[in-house]
Amino acid sequence: MSEVSNIVVCPLTSRIGAEICGVDLSQNLPQATIGEIRRVLLDYLVIFFRDQDITPEQQIAFVAKFGEPDLYPFVRGLDDYPQITPVLKLPDETVNFGGIWHSDTVYLDEPPMGTVLYAKELPPMGGDTLFANQYQAYEDLSAPLRDFLKGLKAVNSAAKGTAAATRSDRVAYAGTGENRVLEAIHPVVRTHPETGRKALYVNTGHTVRFDGMSEEESRPILEYLFQHQIKPEYCCRFIWTPGAVAFWDNRCAQHYPVNDYHGYKRLLHRITLKGEKPF
């Protein structure tokens, strides 16, 4: 445990994830505190705050300290706060929103730099979220495979069946009417614009193939990468509690919401932050 300024940082693992204590997100935090939070985010890729009691306005105000809130293309936000997307699973539903390993909306030309999720209503057990360190996943690849991936780009599609199926209930319930096939081509290995570190930037939810190659040619290597990048040693697991907030760096971390709470409602409020074109 280490104390920095007025905040306490408790790492979950040595490679990813840290809880931050001593911060009330309902307040207008000083710039020094925001700077420390950003530093911890860059160091640990995903950060967590417990026991927060914030309004939609306060969630938006906190997120806006780190960038510009964005709109999700497929599901409507709250009526008065369109930047906030309800991440909802109802008791009679069996599919959870985003229930597959992925990075958020990489089918956009400028995917979000990060995501902030606030727990509003939780099942009595289950519904944890896993996060995986994509810096470490890249660095642990063999040198020949890193050389092969260098300079490669990949096609990422919102229509890939595995991910599209996980949002079907929410689109039926509160869809925006967006029916285009959103697709973007990004580097397979992304350079983080703030840390300069390289991270794997493919994911099983959205990545279809390598640019310039067929799906058949791409499949063996992509399947290897999909399994490699979520090894347990790259991961942390967050057990949600009422009022908890998670903030992850979408440029170097993937996440997976576990779908093990059928028969219960789970509701979280999500805001994504606008990002830049990956390089």
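Note that residues are indexed from 1 along each chain, following the sequence as it is written. Per-residue local features of the predicted model are confined to residues with pLDDT of at least 70, and side-chain atom pairs are confined, for both listing and counting, to 80 or more; whole-chain, interface and lining totals are unaffected and use all residues. Derived side-chain values reflect all non-hydrogen atoms in the structure, with water molecules and hydrogen atoms excluded from consideration.

S.K.: Give me the lowdown on the packing of aromatic side chains, citing residues and values where you can.
M.R.: Two rings from Phe, Tyr or Trp (for Trp, the six-membered ring) form a pair when their centres sit within 6.5 Å of each other. Planes less than 30 degrees apart are called stacked, planes more than 60 degrees apart edge-to-face, and all others tilted. Applying the stated criterion to the full structure yields 13 aromatic pairs. Relative to F247, the ring of F62 lies with its centre 6.4 Å away and its plane at 80°, an arrangement referred to as edge-to-face. Taken together, the residues span a long stretch of sequence, with F62 in helix α2 (residues 56-64) and F247 in strand β14 (residues 245-249) at a distance of 185 residues. The same class applies to F62 and to F247, which are both buried. Runs of E in the DSSP output that reach at least two residues are strands. Runs of H or I that reach at least four are helices, and both are numbered from the N terminus. Summary of the burial criterion: residues with accessible area below 20% of their type's maximum are buried, those above 50% are exposed, and those between are partly exposed, where the area comes from a 1.4 Å probe applied to protein chains only.

S.K.: Break down the pairing of strand β5 (residues 85-89) for me, citing the residues and quoting the values.
M.R.: Along β5, five of the five residues are buried, which leaves the element largely enclosed by surrounding structure. Side-chain alternation along β5 places T85, V87 and K89 on one buried face and P86 and L88 on a second face that is also buried. Summarising the sheet, β5 and strand β16 (residues 266-273) pair through five bridges and their orientation is antiparallel. Its bridge partner being in β16, L88 is matched across the sheet by L267. One bridge is not enough; two strands pair if DSSP finds at least two bridges between them.

S.K.: I'd love a proper account of the environment of S142, names of residues and values included.
M.R.: Assignment of secondary structure puts S142 in the loop between α3 (134-139) and α4 (143-149). S142 sits in the partly exposed class, given a relative accessible area of 41%. It is 15 Å that separates the C-alpha atoms of S142 and K231, two residues lying 89 residues apart in sequence.

S.K.: Would you mind going over the environment of A137 in detail, with residue names and values included?
M.R.: When you line up the elements, A137 lands in helix α3. The spacing of A137 and K231 is 94 residues in sequence and 8.2 Å in space, taken between C-alpha atoms. Ignoring any residue separated from it by four or fewer positions in sequence, one finds A137 in contact with L200, H228, Q229 and Y234. In what follows, a contact means two residues having at least one pair of non-hydrogen atoms within 4.5 Å.

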